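# Coordinate inspection notes
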Amino acid sequence: MDWNRYRFRSLWLLPAPPDAVYEVLERPEDYPSWWRQVREVERLDDTTGVIRIRSVLPYGITFTARRTRHEPSAGVLQIAVSGDIEGWVRWTLTPHGDGTLARYDQVVSVGKPLLRRLAVPGRPLFRANHALMMRSGRRGLLRHLRAV
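Residues numbered from 1 in each chain as written. Predicted model: local features only at pLDDT ≥ 70, side-chain atom pairs only at ≥ 80, totals over all residues. Heavy atoms only, no water.

## Notes on the pairing of strand β6 (residues 85–96)
Pairing of strand β5 (residues 76–83) with β6, which is carried by six bridges, proceeds in the antiparallel orientation. Note on β6: the bridge partner recorded for Val 76 is Thr 92. From the end of β5 to the start of β6, which pair antiparallel, there are one residue. Taken together, the 12 bridges between β6 and strand β7 (residues 99–110) define a ladder with antiparallel strand orientation. Bridging from a neighbouring strand, Trp 88 pairs with Val 107 of β7. Between β6 and β7, which pair antiparallel and follow one another directly, the connecting turn spans two residues, one of which, Gly 97, has a positive phi of 60°. (Pairing = 2+ DSSP bridges. Helix = DSSP H or I, 4+ residues; strand = E, 2+ residues; numbered from the N terminus.)

Here you go:
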């Protein structure tokens, strides 16, 4: 087992149509306004940016995100990430009743030296930290969608 490789999946039920959710998710520069763990997004060009995140544990992660798939009609938005983490992240949006089921998939390997050294003993904490970040993101997106 590669202790530095992670696979995450989150499912968010959202009370807005897929098009409206997609419009929010395709603007990462706005994430810090509704997702408090996304501390900073610096857009480099139309498809690339540098993102800095930090959740509960006392470490931050910085990575470059480059959009690799942008298919609004299919509800798919995917990025490649490099830096403290390497891999990919994908949102897949499907209609669900009057709202949207947002599926978040992430497959990454950790490159940050401190996190690599703590891979075995820290893995349960890192996974819990990610889960807390995702719950907070869902709550923030719910508030944002209701305010729009």
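Text resumes after the structure shown.
## Structural notes on helix α1 (residues 18–25)
Listed in full, the buried residues belonging to α1 are Pro 18, Val 21, Tyr 22, Val 24 and Leu 25. For α1, the angular spread of the buried residues around the axis is 160°, confining them to a single face. (Buried < 20%, exposed > 50% of the residue type's maximum accessible area, 1.4 Å probe, protein only. Arc of directions from axis to C-beta.)

## Some points on empty space enclosed by the protein
What the rule picks out here adds up to one cavity of 30 Å³ or more. Quantified by volume, the largest cavity comes out at close to 740 Å³. Lining the largest cavity are 40 residues; nearest its centre among them are Ile 51, Phe 63, Ile 79, Val 89 and Tyr 104. Mapped onto the lining of the largest cavity, the elements with two or more residues apiece are β1 (5–14), β2 (38–43), β3 (48–54), β4 (60–71), β5, β6, β7 and α4 (119–147). Broken down by element, the lining of the largest cavity gets its largest block of residues, six residues, from β3. (1 Å grid on protein atoms, 1.4 Å probe; cavity = no way out; pocket = protein on both sides within 12 Å on 5 of 7 lines; lining within 4 Å. Points joined across faces, edges and corners; volume = space filled by probe spheres on them.)

## A closer look at the pattern of salt bridges
Taken as a whole and assessed by the stated rule, the structure comprises seven salt bridges. The closest approach of N and O atoms between Glu 40 and Arg 52, which form a salt bridge, is 3.5 Å. Separated by 12 residues along the polypeptide, Glu 40 in strand β2 and Arg 52 in strand β3 bring together distant segments of the chain. Residue Glu 40 is classed as partly exposed on the basis of its relative accessible area, which comes to 40%. Because the salt bridges share partners, they merge into one network encompassing Arg 9, Arg 103 and Asp 105. (Salt bridge = Lys/Arg side-chain N within 4 Å of Asp/Glu carboxyl O.)

## Thoughts on a positive patch on the surface
On the surface, Arg 36, Arg 39, Arg 54, Arg 135, Arg 139 and Arg 143 cluster together into a patch of positive charge. When residues in the positive patch are grouped by element, the largest group, three residues, is from α4. Note that Arg 39 resides in strand β2. (Patch = residues over 30% accessible without salt bridge, like charges linked within 9 Å, V, L, I, M, F, W, Y side chains within 5 Å. Areas by Shrake-Rupley, 256 points an atom, 1.4 Å probe, with all protein chains shown as cover. Lys, Arg positive; Asp, Glu negative; His and termini not counted. Charge placed at Lys NZ, Arg CZ, Asp CG, Glu CD.)

## Examining the packing of α1 against α4
Taken N-terminus to C-terminus, the directions of α1 and α4 make an angle of 115°; their axes are 11 Å apart at the nearest point. When the interaxial angle is binned, α1 and α4 end up roughly perpendicular. By crossing handedness, the relation of α1 to α4 is classed as right-handed. Contacts between α1 and α4 involve Ala 20, Val 21, Val 24 and Leu 25 from the former and Leu 141, His 144 and Leu 145 from the latter. (Axes fitted to C-alpha atoms, helices over the stretch in contact; angles between N-to-C directions. Parallel < 35°, antiparallel > 145°, perpendicular 65-115°, else oblique. Left-handed = near helix turned anticlockwise from the far one by under 90°. Contact = heavy atoms within 4.5 Å.)

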